[in-house]
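Structural overview
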Amino acid sequence: MASNLKQSRPKPKKGKINWARNQEADYFANTVKLYRQGKYDSDSFRRFRLQHGAYGTRLADDYAMVRIKLPAGEIYPNQIERISQLSEQFSIGSAHFSTRENIQLHWVVLEDVSEILRGLSEVGLTSREACGNTVRNVMCSPLSGVCPDEEFDATPYALATARFFLRNPMAQNLPRKFKFNFTCCEKHGMVRMVDVGLIPQTREQDGATQKGFKIFLGGGLGNKSFVGHQLEEFTPEEDLLYTSIAVMRIFDRLGDRKNMARNRMRYLVNDMGWEKFQNLVLKERAIVRATQSVVTRLNVDNTPNEIKKPIRVSNESGSTAVDGYARWLKGNTFKQKQPGYYSVFVTLEAGDITSNQLHVLSELIQDFSSEGLARAGFSQNISLRYVHEDDLPHLYTKLLSAGLAKSGSLTMSAPIGCSGTTSCNLALTNSHRLAKEIQRKFLELKLDEDDDLRDSSIKISGCPNSCGQHGIATIGFFGGGGRVDKDMYPNYMMQLGGRSDGETMLGVSCLRVPAKRVIPVILKIIEIFKENKKPDDDLKSWIHRVVNGIDDSNIKSVNDLKEILTPLTLPPSKTEDPDFYADYGSDTSYHTKTGKGECAA
Amino acid sequence: MSQEKVVKTTTDIDSLRSEIRDKSVRVIDVRREEDYKKDHIPTAVNLPLANLLSDDSPERVQKLVNSMGIDDETSVVVYDDTFGALASRVAWTLEYLGHSDVSLLETTYGAWKSLGLEQDNIIPEIQKKDHSINLRPEILATSDYLESSKDKRDVILVDNRERLNYLEQHIPGAISLPYRTLASSDKILRPKEDMKRLLDNRGISGDSEIITYCGSVGTLSGLAYYALKSVGLPNAKLYVRSFKEWKSLSKPTEKQEDANYWDLSAE
C-alpha cells in the first residue's frame, strides 16, 4: 500500500517577488463582458487587452495569445507547474518560450483570459504590460551570476528595474513599446539591439571597487533595425534608475506618436542624431536627479540566492553510458564560474513545450538545480543552473525520457523561429515550422557536433518585422511571397553576418530563397565555407569577413556567394513540383493573407 | 424521520465512505475488468464502459442495472480512473433510463488510492433487483435534434474536445470548452463557484438549452454534462454519439482557416 503513496519532495522554493495583482483578473473579465455588450469601443478595448498581456490572434478575433512575463527570465517550479495546467486547460496543450523571456499561451478564448490571469496571480506571475506601449519584460542573461566573464551579477538590477516600472504611471502610455536587456558580458550580448542595453562593469575609485554599467541606447530590431550607442564610459549603479527615467522621459516627450511604423525610440535617436540625443539624456538625467521629491531608488535585493544541493527523492544511480550523453553534454551545458557546477540548456523546437514536459521540468528543477529555479534563455529555451557535475548523467537520462534532451541547444542547430502563420496576424510564412525543419535536419546530420558551426546562429522571422531576430543571425531569414506568373510561393530574404556581441552588426541581404530551398541553401553555404575556410576559422568569423569584403579566398563578397547560390533558388514550374508552391505545414497552394498588426495599438 | 433526497452531482469521499459502511449505496467501478479484479473500492461492482457501450439500448441497460442490484430507489455512486469522463458516461446512461439518484465520486480511483483509503479485491454477491424504464429524452440530443435546433437562438452547443481538434474541425456554431478546463487539481470537477464563474464568462448560464459533445462516445462531454449540472444549469443535453457520428453522417463542419496552428504544438 505504501508503494502507492506518492513520495513528496521538500517544499519547492518560491519566488521572492509577487508580480501579480489579484483584482486584475476580475477587472479583465468584466471589461470583456462590457466589450461584448458594446459598451466599450474596440480601440479602447484593444489597448486595455494589450496592457494586460493579451495579444490578438491570426485572423481570429475571438482568440488571444497570453504573454506571461518572466522578469530576468526567472521561473520557479510551482510557476512552471501552473503554466503546465493552464496550457492544458485554456490553450492548445503546449506553451511557447519567446526570445524575450516570456512564455506564451496561444489560441486562448478571449473570455478565458481572465481565468489565466487568476491562475497566474496565485503563483505570483503576471502578463501585465507584456504587450502594448509599455516597458516590456526586462530581460537578463540566463548566465548572469554564473558567467566566468562577468564583472558582477546583473540579475538583482534587472529585477529591480522590472519592479520599478511595472504598473508605474510613467510607463503606461509611451509612444511605443520599450525594452530593457541586461546581460552578463560582451560575448553573451543582446545589449546593442534594444532600447536600453546594459552590461555590468566595475571600476576602481579611491581604492574602492565601484559597480556600474555600460549602457547602450537606441538599438533595436524591426522593419528597420539599428545598433545602439554607448551613452558614456561608465554609469555608476546609483545613476542606473535616473538614466532609465531620463531616457524614458525624453522618449515620452519627443517620440513619434503618429506614425506607427516609426515610433520606436531607435527612430528618434536616428532622426535626431546620436550626439544630440546623448546630450539630451545627460541633461535630462541631471534634472531627474535634482527634482525627485524623495530619493527615488531601485530596490535592489543583493541577497545571494541560496545554493543548496537538492535532496533527491529517488536516488537510482544514473549510468553514464547512456547513448548520446557526450553529444548532449557538449552542446547543451555551460561550465559555470562556480567550481563543479554547470548550467544545462534545454532545447525546445522553436520554443514549443508540451504541458507534460513543463510538468516534468518543474520536478527536475526541484531535483537538480541547487538554486531551485530556472532561467529562460535568449533563444526560445530554458536553462537549469547550478546542476552539480556528478548529477549531469542522471539529469540527461531524465530529460531524455521526457523528450527534452535534444542536442545542440548552444549551437547553430537550435534555430529561432517566431510564431509565423501559426498564430500571428502579420506573418507571411510559417517561419515557426521552418525553424523546426532546419533543426531536425541539422540534428540528423549531426551538425550540432561541428565545432566550426557552434557559435553561429540561424534565426527566422515570418515577415520583415524582427520578432525572430533575423537581423542578428549568422544566417537570418524573413518571410515574404514570391511569384511565378499567377502562382505564389513562400519565400525568404536571406541575410548574412548579423551578430549581437561586442562587434554587433546587422545582417547583410544576400538573396531571396524559396521556403522549400532554405535547407539546401544553408547546407550549400556550409559546404562553401568548408572549402574556403582557414584552419582556425569558424563559420561566424568566415562570414563576417565575407560580408565585410575582407576575405581573401575565392569568396570575396556576398555577391560571390549569391552567384553560387542562385541556381538553387530558381522556381520550378507548378506542374513539375507542386510542393514548392506550398508552405511548410500546408498542403494547399500558398497565398499571402494578413490581418492588422497590434504591436503599436 | 423522512428526509427529502437532495440530488447531487458528485459525492465527496467522506460521504461515500460512510454510505459504504451503512450499506446504503451501490458503487459502480467502470474501469476494465482486470483492473477491477486487482483492487477496487469495497463493495463496488464492475461495469466496464466498453461492456455498456457494446449495447446501450434501454432494455440492455435495464438488465445490467438489475444485475447490479439497483432498483429505482438505490443510491448509486460511479467512479473511474480517467478524470471522471467514463464514470460520467455511465452515470448519464442511468439517468437516461430514469434513475434519479446517481452521482460521481468527486475524485478518481488513483487519487483515492494515493490517499491511502480502503480498497479490496472482493467481488460482492449481488441480489438482482427490478428497475423500471422511465426514459428521459430531455437529456439526450441526437444529430437530427442538433440540426433542427441550429437556428434556435437559445441553444448553446459546447465542444469538449481539445482546442486543436476544435480548431481543425467542429460542428457549426459550437463553442470550445476543453474537458481539461472542468477539473481542479484534485477533483474531477471544479468547486461550484469556480465553475460558475468560468461558465458565466463564456456565456453559459441562465435558462439556455446547452448541448455538449466530444469526439466519439460522449465521455468527455458526459463530464461536461455533469459540470453544467453541478452549477444548477437546468437544461443540459448530451449529444451522446458526438462528432464521430456527425462526421459519418457527412453533416456540415466548420474549421479555423488560414493558420498553421498545429505547427505551434510541441510533440
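Residues numbered from 1 in each chain as written. Chains lettered and ligands numbered in written order. Predicted model: local features only at pLDDT ≥ 70, side-chain atom pairs only at ≥ 80, totals over all residues.

Next up on the list: the overall build of chain A. Looking only at helices and strands, chain A has 15 helices and 21 strands in total. In terms of overall size, chain A behaves like a compact globule, its C-alpha atoms giving a radius of gyration of 24 Å where 601 residues would be expected to give roughly 25 Å. When burial is assessed residue by residue, chain A has 55% of its 601 residues classed as buried. The contacts in chain A between residues at least 6 apart in sequence include a share of 70% that link residues at least 24 apart. (Helix = DSSP H or I, 4+ residues; strand = E, 2+ residues; numbered from the N terminus. Rg over C-alpha atoms; globule rule 2.2 N^0.38 Å. Buried ≥ 20, exposed ≤ 12 C-beta atoms within 10 Å, placed from the backbone. Contact = placed C-beta atoms within 7 Å.)

Take the overall build of chain B next. Across its full length, chain B holds 11 helices and 10 strands. What you see for chain B is a C-alpha radius of gyration of 19 Å, in line with the 18 Å of a compact globule of 267 residues. Overall, the C-alpha framework of chain B stretches about 60 × 40 × 35 Å when taken along its three principal axes. A burial count over chain B gives 45% of its 267 residues as buried. Taking all contacts inside chain B whose residues are at least 6 apart in sequence as the whole, residues at least 24 apart take part in 73%.

Residue and element names in this part refer to chain B. Under the domain assignment, chain B is made up of domain 1 (10-135) and domain 2 (138-264). When each unit is reduced to the centre of its C-alpha atoms, the spacing between domain 1 and domain 2 is 25 Å. Taken residue by residue, the interface counts 16 residues in domain 1 and 18 residues in domain 2. When residues in the side of domain 1 that touches domain 2 are grouped by element, the largest group, seven residues, is from helix H5 (residues 85-97). Class assignment for the residues of the side of domain 1 that touches domain 2 results in eight nonpolar, five polar and three charged. (Domains from an automatic or database assignment. Nonpolar A, V, L, I, M, F, W, Y, C, P; charged D, E, K, R; others polar.)

Looking now at the nonpolar core. Counting 170 residues, the largest nonpolar core has Ala-64, Val-66, Val-108, Val-113, Ile-116, Ala-158 and Val-387 of chain A as the members making the most contacts within it. The biggest single contributor to this core is helix H6 (residues 240-254) of chain A, with nine residues. Contacts of Ala-64 of chain A, omitting those with residues within four sequence positions, involve Arg-49, Ala-54, Tyr-55, Gly-56, Thr-57, Val-108, Leu-110 and Val-113 of chain A. The next biggest cluster of nonpolar side chains, apart from the first, holds 70 residues, and it includes Ile-28, Ala-87, Tyr-96 and Ile-204 of chain B. (Core = buried A, V, L, I, M, F, W, Y, C linked by C-beta atoms within 7 Å.)

Residues and elements named next belong to chain A. Read across the open sheet, the five strands follow the order S17-S18-S19-S20-S21; overall the sheet is mixed. Lying at the two open borders of the sheet, with one neighbouring strand each, are strand S17 (416-417) and strand S21 (508-514). Packing of helix H13 (residues 518-532) onto the sheet brings it into contact with strand S18 (458-461), strand S19 (475-484), strand S20 (487-496) and S21, and relative to S19 it is tilted by some 135 degrees. (Pairing = 2+ DSSP bridges. Axes fitted to C-alpha atoms, helices over the stretch in contact; angles between N-to-C directions.)

Residue-level pLDDT values for chain A average 93, and 96% of them are 70 or greater. Long-range and interchain partners of residues 1-6 of chain A, a stretch whose pLDDT sits below 50, account for six contacts in this model, where long-range means more than four residues apart. (pLDDT = per-residue confidence, 0-100.)

Moving on to the interface of chain A and chain B. The partner chain B presents 24 residues to the 38 residues of chain A that form the contact. Those elements giving two or more residues to the side of chain A that touches chain B turn out to be helix H3 (77-90), strand S4 (94-97), strand S5 (102-109), helix H4 (113-121), strand S14 (352-354) and helix H12 (431-444) of chain A.

Now for the domain arrangement of chain A. Residues and elements named next belong to chain A. Taken domain by domain, chain A holds domain 1 (139-291) and domain 2 (416-581). Look at where the C-alpha atoms of domain 1 and domain 2 centre, and you get two points 31 Å apart. Between domain 1 and domain 2, the residue contacts involve 11 residues of the former and 12 residues of the latter. When the residues that make up the side of domain 1 that touches domain 2 are grouped by side-chain class, the tally is four nonpolar, four polar and three charged.

Time to look at helix H8 (residues 274-291) of chain A. Residue and element names in this part refer to chain A. Taking 1.5 Å per residue as the helical rise, H8 with its 18 residues ought to reach 26 Å, and the 25 Å between its terminal C-alpha atoms agrees with that figure. Residues of H8 that are buried: Phe-277, Val-281, Arg-285 and Val-288. All buried residues of H8 project into a common sector of 80 degrees when viewed along the axis, lining one side. Turned more than 90 degrees from where H8 packs its buried face, Glu-275, Lys-276, Asn-279, Lys-283, Ala-286, Ala-290 and Thr-291 sit exposed. Its buried side turned inward, H8 meets strand S9 (208-217), H6 and helix H7 (265-272). (Expected span 1.5 Å × (residues − 1). Arc of directions from axis to C-beta.)

Turning our eyes to something else, we now look at the sheet that holds strand S1 (residues 10-11) of chain B. Residues and elements named next belong to chain B. Pairing within the open sheet is parallel, and its five strands lie in the order S1-S5-S4-S2-S3. Across the chains shown, the open sheet's two edge strands, defined by having one partner strand only, are S1 and strand S3 (45-46). Here two bridges tie strand S2 (residues 26-29) to S3, and the two strands are oriented parallel to one another. From the neighbouring strand, Asp-29 faces S3, where its bridge partner is Asn-46.

In this section: the environment of Asp-390 of chain A. Residue and element names in this part refer to chain A. Within the secondary structure, Asp-390 sits in the loop between strand S16 (382-388) and helix H11 (392-401). Classification of Asp-390 as exposed rests on a count of 10 C-beta atoms within 10 Å. Linking Asp-390 and Gly-340, residues 50 residues apart in sequence, is a C-alpha distance of 8.2 Å.

Time to look at the pairing of S2 of chain B. Residue and element names in this part refer to chain B. Residues Arg-26 and Ile-28 point to one face of S2 and Val-27 and Asp-29 to the other, with burial holding for every one of them. Pairing between S2 and strand S4 (residues 76-79): four bridges, direction parallel. Its bridge partner being in S4, Asp-29 is matched across the sheet by Tyr-79.

Let's shift gears to unusual backbone geometry. The phi angle at Arg-167 of chain A is positive, at roughly 65 degrees, despite the residue not being glycine. Tracing the chain through its elements places Arg-167 of chain A in the loop between helix H5 (155-165) and strand S7 (180-182). Residue class for Arg-167 of chain A comes out partly exposed when judged on the 16 C-beta atoms lying within 10 Å of it. With a phi angle near 45 degrees, Phe-83 of chain B is a residue other than glycine that sits in the positive phi range. Residue position: Phe-83 of chain B is located in the loop between S4 and H5.

As a further point, take the environment of Leu-506 of chain A. Residues and elements named next belong to chain A. Note on placement: Leu-506 falls in the loop between S20 and S21. On the basis of neighbour counts, which here come to 23 C-beta atoms within 10 Å, the residue Leu-506 falls in the buried class. For the pair Leu-506 and Leu-221, spaced 285 residues apart in the sequence, the C-alpha separation amounts to 8.9 Å. In this structure, Leu-506 is in contact with Ser-225, Val-227, Gly-471, Ile-472 and Gly-498, ignoring residues within four places of it in sequence.

Residues and elements named next belong to chain A. As a packed pair, H3 and helix H10 (residues 355-368) sit with axes 8 Å apart at the nearest point and diverge in direction by 170 degrees. Of the possible angle classes, the one that applies to H3 and H10 is roughly antiparallel. Residue-level contacts link Pro-77, Ile-80, Glu-81, Ile-83, Ser-84, Ser-87 and Glu-88 of H3 to Ser-355, Leu-358, His-359, Leu-361, Ser-362, Ile-365 and Gln-366 of H10. Split by residue class, the contact of H3 with H10 holds six nonpolar, six polar and two charged. (Parallel < 35°, antiparallel > 145°, perpendicular 65-115°, else oblique.)

Let us now look at the packing of helix H4 (residues 58-67) of chain B against H5 of chain B. All names here are of chain B. Remark: H4 packs on H5, axes separated minimally by 10 Å, with the N-to-C direction vectors making an angle of 110 degrees. Relative to H5, H4 is oriented roughly perpendicular. On H5, the residues touching Pro-58, Val-61, Gln-62 and Val-65 of H4 are Thr-93, Leu-94 and Leu-97.

Before going further, it helps to examine helix H2 (residues 42-51) of chain A. All names here are of chain A. Listing the buried residues of H2 in full gives Arg-46, Arg-49, Leu-50 and Gln-51. On its buried side, H2 packs onto strand S1 (54-57) and strand S2 (60-69). Residue Gly-53 follows H2 closely and has a positive phi angle near 85 degrees.

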